[in-house]
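# Coordinates in review
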Amino acid sequence: MVFTLGPGYICPMISRDIKSASDLLRSGRVIGMPTETVYGLAADALNPQGVAEVYRVKKRPSFNPLILHVASLAHAQSHALVFYPQAEALAKVFWPGPLTLVLPKKAHIPDQITAGKSTFAVRVPNHPVALALLEAYPNPIVAPSANLFGTLSPTSAAHVVRNLGDQVPLVLDGGDCSLGIESTIVGFTPEGIPEVFRLGSITFDQLKEVCPDILFRPGTHKEVLAPGMYPKHYAPKTPLLVVDLWDEVHQLSENYGRVAIVAQEPMPVFESIPADVFYWSDDLSLEAVAHHFYRVLDKLDEQNFDLIVTTWFAEHGLGSALNDKLKRASYT
Ligand code: TXA
Ligand code: MG
């Protein structure tokens, strides 16, 4: 099950073996789990040893709660003290899929995964391998993104191995994540009115079609509502600068050494800038940008540039979620 490559180095196995994955979870170990958004670092939500291992391996602060992954709406309902009508409406439209709901929890959901909060976060992922595991495994599974706290989220099994290497005995292989950025998180006021806590793969407009009264109050009290929403997060190791206009890049390359530009499409101005030019995707859609987002930043990190420069996306739809990631990745 585990290859040993020499003293002290364990190479995680990349496989599709649901039985081995279940056995590891049962014995309080963590595994890499694919989802349609990003890969998760999975543990049995009801096994204190496994959950502690998630926090230890990720170096995640214990006050940052985890998302419970379950196989169906009925499973999610069995863990919630209250499942508001608007929560059910959203779940029926978007599950399985990249929507996380934050709801009052029942007592059997351990404080360890909710950081002592009376609410818990839950979603049904839309990925055949994740669903096969969730259907085979008797307990809910917690899975934060499988990166070290604060760094880029992985969107392939190989990236999980590079991130967490010898800390994880097995990574279930589910190919490249189809969506590429995290789920959208929605909580509820005590009256049951939905409120966006974290932008992600589902856009505000999509949510609004189902719940016209949904709230989104960025910058007001989001940090308190979703304690993992740190100003600096998802960051590459290379400094990242986000500009409004490409013309601002002109004076940069001299001061910053080797500069990489990441753009959506070619611009005439690139010809006169001494920088290497890369594209988020060869497709202009924001879905394609999201799909490649972490992978492109990860690849650029490997090339040891002194600076990565990009521009903000149009503040609309998936562009808002990508801008939120860029803001946190470039925060100094
Ligand atoms: O797409 C995703 O959601 C991925 C895949 C693996 O499912 N998971 C993910 O997990 O992004 P993570 O741990 O990186 O982010 C979980 C977020 C944190 O910001 C945390 O604060 C928030 O969920 N959260 C969890 N429980 C919460 C609660 N009770 N109240 C408010 N926010 C909560
Ligand atoms: Mg994360």
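Calculation rules
- Residues numbered from 1 in each chain as written.
- Chains lettered and ligands numbered in written order.
- Predicted model: local features only at pLDDT ≥ 70, side-chain atom pairs only at ≥ 80, totals over all residues.
- Heavy atoms only, no water.
- Helix = DSSP H or I, 4+ residues; strand = E, 2+ residues; numbered from the N terminus.
- Buried < 20%, exposed > 50% of the residue type's maximum accessible area, 1.4 Å probe, protein only.
- Contact = heavy atoms within 4.5 Å.
- Polar contact = N/O pair within 3.5 Å; in protein donor to acceptor, adjacent residues only side chain to side chain.
- Core = buried A, V, L, I, M, F, W, Y, C linked by side-chain atoms within 4.5 Å.
- Domains from an automatic or database assignment.
- pLDDT = per-residue confidence, 0-100.
- Salt bridge = Lys/Arg side-chain N within 4 Å of Asp/Glu carboxyl O.
- Buried area = accessible area lost by both parts, 1.4 Å probe.
- Phe/Tyr/Trp six-rings, centres within 6.5 Å; stacked < 30°, edge-to-face > 60°.
- Pairing = 2+ DSSP bridges.
- Axes fitted to C-alpha atoms, helices over the stretch in contact; angles between N-to-C directions.
- Parallel < 35°, antiparallel > 145°, perpendicular 65-115°, else oblique.
- Left-handed = near helix turned anticlockwise from the far one by under 90°.
- Nonpolar A, V, L, I, M, F, W, Y, C, P; charged D, E, K, R; others polar.

A few words now on the environment of Ser183. Assignment of secondary structure puts Ser183 in the loop between β10 (170-172) and β11 (184-188). The class of Ser183 is buried, set by a relative accessible area of 2%. Remark: the alpha-carbon pair of Ser183 and Gly200, spanning 17 residues in sequence, is separated by 4.9 Å. Not counting the four nearest positions on each side in its chain, Ser183 is found in contact with Thr37, Ile67, Pro98, Leu99, Thr100, Arg123, Arg198, Leu199, Gly200 and Ser201. Of note is the side chain of Ser183, whose polar atom sits 2.8 Å from the side chain of Thr100.

Right, let's get into the nonpolar core. Among soluble globular proteins, nonpolar side chains are generally buried collectively. One finds Trp95 and Leu101 to be the most contacted residues of the largest nonpolar core, which totals 71 residues. Ranked by residues supplied to this core, first place goes to helix α11 (residues 286-302) with 7 residues. Mapped onto the domain boundaries, this core takes at least three residues apiece from domain 1 (4-210) and domain 2 (240-329). Among all residues touching Trp95, those that are not within four sequence positions of it are Leu73, Ala76, Phe83, Leu90, Leu101, Val122, Arg123 and Val124. If you look at the next biggest cluster of nonpolar residues, it comprises 17 residues, including Met33, Leu134, Tyr137 and Leu170.

Here we come to the confidence of the model for the protein. Looking at the protein as a whole, the pLDDT averages 92, with 92% of positions reaching at least 70. Contacts from residues 1-9, a stretch scored under 50 in pLDDT, to residues over four places away or in other chains number 17 contacts.

This part is about the pattern of salt bridges. On inspection of all chains with the given rule, the structure shows 12 salt bridges. Across the pair Asp176 and Arg295 runs a salt bridge, and its minimum N-O distance is 2.9 Å. Of this pair, Asp176 sits in the loop between β10 and β11 while Arg295 sits in helix α11, placing them 119 residues apart in sequence. The partly exposed category is assigned to Asp176, whose relative accessible area is 46%. Within the structure, one salt-bridge network assembled from shared partners comprises Lys19, Asp23 and Arg26.

Taken domain by domain, the protein comprises domain 1 (4-210) and domain 2 (240-329). Centre-to-centre, using C-alpha coordinates, domain 1 lies 29 Å away from domain 2. Both sides together, the interface formed by domain 1 and domain 2 hides about 1,400 Å², and carbon and sulfur atoms give 57% of it. A per-residue breakdown of the area domain 1 buries against domain 2 is headed by Leu152, Ile181 and Leu199, which together make up 38% of the total. Here domain 1 and domain 2 share 4 salt bridges between them. Glu302 is the salt-bridge partner of Arg162, the closest N and O atoms lying 3.2 Å from each other. The interface formed by domain 1 and domain 2 holds 9 residue pairs in polar contact (both at pLDDT 80 or more) in total.

Okay, the packing of aromatic side chains next. The final tally for this structure, using the stated rule, is 7 aromatic pairs. Ring centres 5.3 Å apart and planes at 35° place the aromatic pair Tyr84 and Phe188 in the tilted group. Placement of the pair is Tyr84 in the loop between α3 (73-79) and α4 (85-94) and Phe188 in strand β11, with a sequence separation of 104 residues. Residue class for Tyr84 comes out buried when judged on its relative accessible area of 14%. With 5.4 Å between their ring centres and 70° between their planes, Phe293 and Tyr294 make a pair best called edge-to-face. Look at Tyr294 and you get buried, because its relative accessible area is 0%. Taken together, the ring pairs connect Trp280, Phe293, Tyr294 and Phe313 into an aromatic cluster.

When you line up the elements, Ile202 lands in the loop between β12 (194-198) and α8 (204-210). For Ile202, a relative accessible area of 3% puts it in the buried group. Taking the C-alpha atoms as reference points, Ile202 and Gly97, 105 residues apart in sequence, are found 8.9 Å from one another. Every residue in contact with Ile202, bar those within four places of it in the chain, is listed here: Phe94, Pro98, Leu99, Thr184 and Leu207.

As a further point, take the sheet that holds strand β13 (residues 240-243). Spatially, β13-β16-β14-β15 is the arrangement adopted by the 4 strands of the open sheet, whose pairing is parallel. A single partner strand is all that each edge strand has here, and the edge strands are β13 and β15 (276-279). Going from strand to strand, the sheet's axes swing by 25° on average, the running direction of each strand aside. In terms of strand pairing, β13 meets strand β16 (residues 307-311) through 4 bridges, oriented parallel. Counted as the bridge partner of Val242 is Thr310 from β16. Packing against the sheet, α11 makes contact with β14 (259-263), β15 and β16, and its axis sits at approximately 165° to β14. In the packing of helix α12 (residues 318-330) onto the sheet, contacts are made with β13 and β16, and the angle to β13 comes to roughly 135°.

This part takes up the packing of helix α1 (residues 18-26) against helix α6 (residues 128-136). At a minimum axis distance of 10 Å, the contact between α1 and α6 shows a crossing angle of 55°. The angle between α1 and α6 falls in the class oblique. Regarding α1 and α6, the two cross each other, and that crossing is right-handed. Taken together, the residues of α6 that come into contact with α1 (itself represented by Ile18, Ala21, Ser22 and Leu25) are Val129, Ala132, Leu133 and Ala136. Taken together, the residues of the contact of α1 with α6 break down into 7 nonpolar, 1 polar and no charged.

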